[in-house]
Amino acid sequence: MTETLPVTDRSRLRRLHERGHFDRDTINAILDAQPMCHVGYVRDGRPYVTPTMQWREGNHVYWHGSSASRALRSETQAEVCLTVSILDGLVLARSGMHHSLNTRSVMLFGTAFKVEDPTEKLQKLGNFVNHLYPGRYEMLRPDHTQDLKATTVLGMEIAEGAAKIRTGGPSDDEEDYALPIWAGVIPIRMEVGDPIPDPRNLDAVEMPAHVRDFRYGG
């Protein structure tokens, strides 16, 4: 496995090349920081994009959903495009043209495969839960056979794609810096609030550390 993904016609940046990153460390860090993704695919000649949750295991990314989902059935053994985006700031410039966003994003291309082996599927679903909440899956009631039948897990090798990152302030036309217009960045970040217990929790149940100390993003 190489340290960087190959630059292909689909993954190369046509402009602002300095924002493109093909090294696995950068791509993996963004995937690990944002579990929500969007998966694009074509069904019956029409494009669709489905929001879902993803998690990474080594050189593969996985997502899951209902076995009855037409989206997942359409994605299986099909070409898909998976994207993850993190908004870090709003960039206000001195012209409408140069307003922008500070973002970290990843776009991956590949063929989705279905995790068929029941033991492997159970392991993947456990990894998905523990990726967000370390140690939680082992605390839960065991999955029923019907739970597994009702769930489809898809995966894709991380072999083609790129990360795109923008940081910093506005890039205005040189003559516009003399204008009496405020410009700068409004930082944006995701905040985690205090956990809200289910009113039907048993009295003796204590809040676990993975809830009390939950951290999101990066």
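Every chain begins its residue count from 1, and numbering advances along the sequence as written. Restriction of local features to residues with pLDDT of at least 70 applies here, the model being predicted, together with a cutoff of 80 or more for giving and counting side-chain atom pairs; totals for whole chains, interfaces and linings are based on all residues. Heavy atoms throughout the structure, all of them, feed into the side-chain values; hydrogens and water do not.

You'll find the chain entered in an unreviewed UniProt entry as Flavin-nucleotide-binding protein, with Thioclava sediminum given as the organism.

Some thoughts on the pattern of salt bridges
Take a side-chain nitrogen of Lys or Arg and a carboxyl oxygen of Asp or Glu: if they are within 4 Å of each other, that pair is a salt bridge. One pass over the structure, following the stated rule, counts ten salt bridges. A salt bridge links Arg189 to Glu191; its shortest N-O distance comes to 3.2 Å. Each of Arg10, Glu79 and Glu160 takes part in salt bridges that share partners, so that together they form one network.

As for a nonpolar patch on the surface
Like-charged residues within 9 Å of one another, or nonpolar side chains (Val, Leu, Ile, Met, Phe, Trp, Tyr) within 5 Å, are grouped into patches, provided each residue has over 30% relative accessible area and no salt bridge. Surface accessibility in these figures is a Shrake-Rupley result with a 1.4 Å probe; residues are shielded only by whichever protein chains are displayed. The grouping of Leu87, Leu90, Leu101, Ile186 and Ile188 at the surface amounts to a nonpolar patch, some 360 Å² of accessible area in total. Working definition: helices are DSSP H or I runs of at least four residues, strands are E runs of at least two. Numbering for both runs from the N terminus. With respect to the helices and strands, the residue Leu90 is situated in strand β5 (residues 79-92).

Quick notes on the pairing of strand β2 (residues 36-43)
For β2 and strand β3 (residues 46-57), the ladder comprises eight bridges, and the chain directions are antiparallel. For Val39, the partnering residue across the bridge sits in β3 and is Thr50. The antiparallel pairing of β2 with β3 creates a hairpin that spans two residues between the two strands, and Asp44 there sits at a positive phi of about 55 degrees. When DSSP finds two or more bridges between two strands, those strands count as paired.

Quick word on the packing of aromatic side chains
We call Phe, Tyr and Trp rings a pair once their centres come within 6.5 Å, taking the six-membered ring for Trp, and we label the pair stacked below 30 degrees between planes, edge-to-face above 60, and tilted otherwise. Under the defined criterion, the tally for this structure stands at five aromatic pairs. Ring plane angle 90 degrees and centroid distance 6.2 Å describe the contact between Tyr62 and Phe113, whose orientation is recorded as edge-to-face. Taken together, the residues Tyr62 in strand β4 (residues 60-66) and Phe113 in strand β7 (residues 113-114) connect sequence positions 51 residues apart. Here the term buried applies to any residue with accessible area under 20% of the maximum for its type, exposed to any over 50%, and partly exposed to those in between, with areas from a 1.4 Å probe on protein chains only. Look at Tyr62 and you get buried, because its relative accessible area is 5%. Look at Tyr133 and Phe214: their rings are 5.8 Å apart centre to centre, the planes differ by 35 degrees, and that puts the pair in the tilted class. Of this pair, Tyr133 sits in the loop between α3 (118-132) and α4 (145-149) while Phe214 sits in the segment after α5 (209-212), and the two are 81 residues apart along the sequence. What makes Tyr133 partly exposed here is its relative accessible area of 32%. Here Arg43 stacks its cationic end above the ring of Tyr48, 4.1 Å away from the centre of that ring. Either the NZ atom of lysine or the CZ atom of arginine qualifies as a charge over a ring when it sits within 6 Å of the ring centre and within 35 degrees of the ring normal.

Some words on the confidence of the model for the chain
A score between 0 and 100, pLDDT records how confident the predictor is in each residue. The predicted model of the chain has a mean per-residue pLDDT of 93, with 99% of residues at 70 or higher. Per-element confidence in the chain ranges from a low mean pLDDT of 80 for helix α2 (residues 70-75) to a high of 98 for strand β10 (residues 184-187).

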